Amino acid sequence: MKKILVLNGPNLNLLGMRQPEVYGSTTLAEIEDQCCAHAKQLGVDIQCKQSNHEGELIDWIHETRQTRAAIVLNAGAYTHTSIAIMDAIAAVERPVVELHLSNIHQREEFRHTSYISRVAKGMICGLGTHGYTLAIDAALRILEKED
Ligand code: DQA
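Residues numbered from 1 in each chain as written. Predicted model: local features only at pLDDT ≥ 70, side-chain atom pairs only at ≥ 80, totals over all residues. Heavy atoms only, no water.

(A) Fine view of the packing of helix α2 (residues 28-42) against helix α5 (residues 130-146). It is the contact of α2 with α5, at a shortest axis distance of 9 Å, that shows an interaxial angle of 35°. Here the hand of the crossing between α2 and α5 comes out right-handed. The residues of α5 that touch α2, namely those facing Ile31, Gln34, Cys35, His38 and Leu42, are Tyr132, Thr133, Ile136, Asp137 and Leu140. Taken together, the residues that form the contact of α2 with α5 break down as six nonpolar, three polar and one charged. (Axes fitted to C-alpha atoms, helices over the stretch in contact; angles between N-to-C directions. Helix = DSSP H or I, 4+ residues; strand = E, 2+ residues; numbered from the N terminus. Left-handed = near helix turned anticlockwise from the far one by under 90°. Contact = heavy atoms within 4.5 Å. Nonpolar A, V, L, I, M, F, W, Y, C, P; charged D, E, K, R; others polar.)

So this is what it looks like as structure tokens:
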């Protein structure tokens, strides 16, 4: 069974109450439930994790070397700052689909740069929570193509 890690970065644990005009009113728990339901339909083994800590996110990215998972990653603000997360992705050579709820290109200038995009297979942004199921579909297709 194909394995996909859905990884969420800083402040995404506050979804639902955090700037709902930007990020919507769905909580992270609800998004993770949607991801699990979608994965069940696809017959995919999915694991959802969230951390506010850069090092912990990096440790989990490293772990995908053993599990051979693809990664759906919303790195939150680390997207725009973290060379360390970019390097971790490059190091483990697992496919990453980058994801953002908001359209980062319509927002402040500093959000237009993504270190993750330099190493991700592709990126989905601006489609809200629907982006997660689209990203899982994309990750699965990439894993199937690898076989
Ligand atoms: C985000 C966009 C980032 O710029 C921001 O820092 C986030 C969430 C999104 O999902 O739209 O925390 O990744």
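Continuing now.
(B) Examining the site of the ligand more closely. As a structural note, the neighbourhood of the ligand is formed by Arg18, Tyr23, Asn74, Gly76, Ala77, His80, His100, Leu101, Ser102, Ile104, Arg107 and Arg111. Note that an oxygen atom of the ligand is positioned 2.8 Å from one of the backbone N or O atoms of Leu101. Across the complex, the protein chains shield 99% of the 320 Å² of accessible surface that the ligand would expose by itself. Its atoms largely coinciding with the cavity grid, the ligand occupies the largest cavity. (Near = heavy atom within 4 Å. Polar contact = N/O pair within 3.5 Å; in protein donor to acceptor, adjacent residues only side chain to side chain. Areas by Shrake-Rupley, 256 points an atom, 1.4 Å probe, with all protein chains shown as cover. 1 Å grid on protein atoms, 1.4 Å probe; cavity = no way out; pocket = protein on both sides within 12 Å on 5 of 7 lines; lining within 4 Å. Sits in = over half its atoms within 2 Å of the grid points.)

(C) Representation of the layout of surface pockets within the structure. Its volume calculated, the largest pocket comes out at about 150 Å³. Lys3, Ile4, Leu5, Asp45, Ile46, Gln47, Lys49, Trp60, Glu63, Thr64, Thr67 and Ala69 are the residues that line the largest pocket. When residues of the lining of the largest pocket are traced back to their parent elements, those giving at least two are β1 (3-8), β2 (45-50) and α3 (54-67). Of the residues in the lining of the largest pocket, the class split is five nonpolar, three polar and four charged. (Points joined across faces, edges and corners; volume = space filled by probe spheres on them.)

(D) Structural view of α5. Look at α5: 25 Å from first C-alpha to last across 17 residues, which is about the 24 Å you get at 1.5 Å a residue. Among the residues making up α5, those that are buried are Gly131, Tyr132, Thr133, Ala135, Ile136, Ala139, Leu140, Ile142 and Leu143. On the buried face of α5, the contacting elements are β1, α2, β2, β3 (70-74), β4 (96-100) and β5 (122-125). (Expected span 1.5 Å × (residues − 1). Buried < 20%, exposed > 50% of the residue type's maximum accessible area, 1.4 Å probe, protein only.)

(E) Fine view of the side chain of Glu98. With respect to the secondary-structure elements, Glu98 resides in strand β4. One buried charge, Glu98, has no salt-bridge partner; the nearest side chain with opposite charge is Arg118, at 10 Å. A distance of 2.7 Å separates polar atoms of two side chains, one belonging to Glu98 and the other to His100. Discounting residues that sit within four places of it in the chain, Glu98 has contacts with Leu73, Thr79, Ser114, Ile116, Ser117, Ala120, Gly122, Met123 and Ile124. (Lys, Arg positive; Asp, Glu negative; His and termini not counted. Salt bridge = Lys/Arg side-chain N within 4 Å of Asp/Glu carboxyl O.)

(F) Up close: the pairing of β1. Counting buried positions along β1 yields five of six residues, so the element is predominantly enclosed. Sheet topology places β1 next to β2; six bridges connect them, and they run parallel. Across the sheet, residue Ile4 finds its bridge partner in β2, namely Ile46. (Pairing = 2+ DSSP bridges.)

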